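Summary of structural features
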Number of protein chains: 2
Amino acid sequence: MSETELDLEVKTPRRKTRQNKIVDILATKVACKECSLHQLCLPSSIDGNDLEKLDNIIERKRPLKRNDHLFQVGGQFTSIYVVRSGSLKTYSPTVDGQEQVTGFHLPGELLGLDAIGKGMHPCAAKALETTSVCEVPFENLELLAQELPTLQHQLLRLMSKEIFDDQELMLLLGKKTAEARLSAFLLSISLRFKQRGFSSTEFYLSMSRNDIANYLGLAVETVSRMFTRFQEDGIIDAERKHIVINDREAMQQIAGINECCEDIAAEETQKTL
Amino acid sequence: MSETELDLEVKTPRRKTRQNKIVDILATKVACKECSLHQLCLPSSIDGNDLEKLDNIIERKRPLKRNDHLFQVGGQFTSIYVVRSGSLKTYSPTVDGQEQVTGFHLPGELLGLDAIGKGMHPCAAKALETTSVCEVPFENLELLAQELPTLQHQLLRLMSKEIFDDQELMLLLGKKTAEARLSAFLLSISLRFKQRGFSSTEFYLSMSRNDIANYLGLAVETVSRMFTRFQEDGIIDAERKHIVINDREAMQQIAGINECCEDIAAEETQKTL
DNA sequence: TTATAAACTTGATATTTATCAATTTAATCA
DNA sequence: TGATTAAATTGATAAATATCAAGTTTATAA
């Protein structure tokens, strides 16, 4: 959304100056409008001055290394974040000292929306690999949304999307077998890669089996057995984190999702800013 | 939020006219500021003219009888709703023709936030008893939120709260035993009644055991057995839908919630408009 | 590079909860 | 009101998944 990763590291923070043409050109290079996530990230109706305004409130973050935290549980809420590259998991501590993985976040996806209500982060966010994010200070975003109706609308849409997605996951956790959960999970990841222009049939999972199991409310052993079963049945190839989906239709069958549903989801989905 | 139930039935819709003092007085009687849910419902900083503006966009709905639908799956999204009295359940159809209960909604709580993203309702809402709601046309609300920063903020807070709550439920569904789920459910209902000024130790459940089981991802029989167990242990008294909580601490223990957490939740909670 | 730890897989067993079946109790309607 | 239906409870059994234990592969660091 803001700058590319490389630029992030090389350049020092700077404010754009409208007056200076040269600076403007440089700035443009690394601004939202040049970002590869542009069409994912922005309400399509935003452009020109408005885009620049949005661009101006977005801050750079130094890339996170694997296992670095973007924020911790109980940390003060100041910003929401957009994944630029890499991936993160969010998780909360449970009473018995365990952790509960609440989500995985791929490029173009948002983090921190659950913290607005209480002003503090109810979960922690940890990078699963080298990851860079754009930071969007929430106060500024609110002010800007006050000015730009389409931005306000987009914000509300995104939060609504998140609520909807969570409800789908609740259904998964409440009603589906281990098999169906893992299948739905893989299809979800596949779809999200597809939306970002990557292959939907072949990809790398950045999270461990443990994280997947935790997220799906299963034991690691069960997840492992399901991976094995899918492979035996020839539905997928899985070499550790490298996944190839051979029979998407079979997976949809197992997950209890019909193709139609998923396509609609694909078209409508914009879990992004 | 808008008018009282009785007024709803007796009067025909009318627009308030600023010029006419008499009409204004009549209107005031049934307006937001007179509503018993006022302090639950509104950002405390809204008053005077702003309150009147909000009041103006809210529409009346004829009370729903038990099993009436407020909206259906796939129905066009136009408004969000605030429960005024009574209660509703929301549910989605699943692939295998079953239904999945996604939530229960008590007075002061919102419905429809999950529909903003796609512009259509992903779930249906059905009254569990005689129920009246205030309808808030979303376009108008968006326009008004554009004008009133505190309203925009409140909206975002509410949606964030919903996301947070859903994540708590995901934890429940993914990681907790049947016992813990039912206990947490009863504590949640208890807390919500408390926030509305009703007893937190004695209340009526408007939903069936079937709905509870469905919501918690359990079989009816299991829920029934857990009710029996809680009674045998003296933690609750349950006479059908009439529940008395005898030992809240034991329930928190079982649910895996510590008192501290719940108190914080109680203070902060405003799942309302 | 080797040593050590972490992640993953597989098998055997235990536990939880669903399912099936039957009964009881309450609610609804003619 | 009584008849009929729906909701709730209880018991017996089956199925799914967790847990425990051990071994294997991969990753990490000295």
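Located above this text is the structure these notes cover.
What comes next is a walk through the structure. Because the structure is predicted, anything quoted here is derived from the model rather than measured.

Glancing now at the overall build of chain A. Counting secondary structure elements, chain A contains 11 helices and 10 strands. In chain A, which comprises 273 residues, the proportion classed as buried is 55%. Taking as baseline every contact in chain A between residues at least 6 positions apart, the subset at least 24 positions apart corresponds to 72%. A total accessible area of about 12,200 Å² is found for chain A, and carbon and sulfur atoms account for 49% of it.

Let us look at the protein's contact with DNA strand D. By nearness alone, 19 residues border DNA strand D, and A:Ala178, A:Thr222, B:Arg225, B:Thr228 and B:Arg240 come closest of all. Within 4 Å of the protein, atoms of DNA strand D come from sugar and phosphate in 66% of cases. A distance of 3.0 Å separates a phosphate oxygen of DNA strand D from a polar side-chain atom of B:Arg209. A distance of 3.3 Å is found between a sugar or linking oxygen of DNA strand D and a side-chain nitrogen or oxygen belonging to B:Arg240. Going through the elements one at a time, helix 9 (220-232) of chain A together with helix 8 (209-216) and helix 9 (220-232) of chain B are the ones with two or more residues in the surface near DNA strand D. Broken down by element, the residue count for the surface near DNA strand D peaks at 4 residues, all from helix 9 of chain B. Classifying every residue of the surface near DNA strand D gives 3 nonpolar, 7 polar and 9 charged.

Quick look at the protein's contact with DNA strand C now. Around DNA strand C, a shell composed of 18 residues is seen, among which A:Arg225, A:Thr228, A:Arg240, B:Ala178 and B:Thr222 lie nearest. Within the backbone of A:Arg209, one N or O atom sits 2.9 Å away from a phosphate oxygen of DNA strand C. Between DNA strand C and the protein, one listed contact pairs a sugar or linking oxygen with a side-chain N or O atom of A:Arg240 at 3.5 Å. Those elements that provide at least two residues to the surface near DNA strand C are helix 8 (209-216) and helix 9 of chain A together with helix 9 of chain B. Here the element with the most residues in the surface near DNA strand C is helix 9 of chain A; it accounts for 4 residues. Here the residues of the surface near DNA strand C sort into 3 nonpolar, 7 polar and 8 charged.

By way of backbone hydrogen bonds, the strands of a sheet pair with one another, either parallel or antiparallel. All names here are of chain B. Ordered by their spatial adjacency, 3 strands build an open sheet running 8-10-9, and the pairing between neighbours is antiparallel. Pairing within the sheet leaves two strands with one partner each, and these edge strands are strand 8 (202-204) and strand 9 (236-239). Each adjacent strand pair in this sheet contributes to an overall mean axis angle of 15°, direction not counted. Contacts from helix 9 reach strand 9 and strand 10 (242-245), with the element oriented near 130° to strand 9.

Before going further, it helps to examine the environment of B:Met120. All names here are of chain B. Looking at the secondary structure, you find Met 120 in the loop between strand 5 (110-111) and strand 6 (124-127). Met 120 sits 46 residues away from Gly 74 along the chain, and the two C-alpha atoms are 5.4 Å apart. Those residues in contact with Met 120 that lie beyond four places of it in its chain are Gly 74, Gly 75, Gln 76, Phe 77 and Ala 115.

What follows is about the relation of the copies chain A and chain B. For these two chains of identical sequence, chain A goes onto chain B by a turn of 180° and a shift of 0.0 Å along the axis, with RMSD 0.0 Å. Taken together, the turn and the small shift mark the pair as related by a two-fold rotation axis. A high fraction, 100%, of the interface residues of chain A reappear at the interface in chain B, so the copies pair face to face through one surface.

Time to look at the interface of chain A and chain B. With 44 residues of chain A at the interface, the matching set in chain B holds 44 residues. Both sides of the chain A and chain B interface together cover about 4,300 Å² of buried area, and 61% of this is carbon and sulfur. Per-residue buried area on chain A facing chain B is highest for A:Lys118, A:Gln146 and A:Met170; these three make up 16% of the total on that side. Viewed at the interface, chain B and chain A are joined by 0 salt bridges.

This part covers the pairing of strand 9 (residues 236-239) of chain A. All names here are of chain A. The side-chain alternation of strand 9 yields one buried face, formed by Ile 236 and Ala 238, and one unburied face, formed by Asp 237 and Glu 239. Note that strand 9 and strand 10 (residues 242-245) share 4 bridges and pair antiparallel. What sits directly across from Ala 238, in strand 10, is Ile 243. Once strand 9 ends, the chain turns through 2 residues before running back antiparallel as strand 10, passing Arg 240 with a positive phi of about 55°.

With that out of the way, let us pick up helix 6 (residues 149-175) of chain A. Helix length check: helix 6 of chain A, at 27 residues, gives a terminal C-alpha distance of 39 Å against a target of 39 Å (1.5 Å per residue), a fit within 8%. Counting buried positions along helix 6 of chain A gives 20 out of 27 residues, so the element sits mostly inside the fold.

Thresholds applied
Residues numbered from 1 in each chain as written. Chains lettered and ligands numbered in written order. Predicted model: local features only at pLDDT ≥ 70, side-chain atom pairs only at ≥ 80, totals over all residues. Heavy atoms only, no water. Helix = DSSP H or I, 4+ residues; strand = E, 2+ residues; numbered from the N terminus. Buried < 20%, exposed > 50% of the residue type's maximum accessible area, 1.4 Å probe, protein only. Contact = heavy atoms within 4.5 Å. Areas by Shrake-Rupley, 256 points an atom, 1.4 Å probe, with all protein chains shown as cover. Near = heavy atom within 4 Å. Polar contact = N/O pair within 3.5 Å; in protein donor to acceptor, adjacent residues only side chain to side chain. Nonpolar A, V, L, I, M, F, W, Y, C, P; charged D, E, K, R; others polar. Pairing = 2+ DSSP bridges. Axes fitted to C-alpha atoms, helices over the stretch in contact; angles between N-to-C directions. Least-squares fit on C-alpha atoms with pLDDT ≥ 70 in both. Buried area = accessible area lost by both parts, 1.4 Å probe. Salt bridge = Lys/Arg side-chain N within 4 Å of Asp/Glu carboxyl O. Expected span 1.5 Å × (residues − 1).

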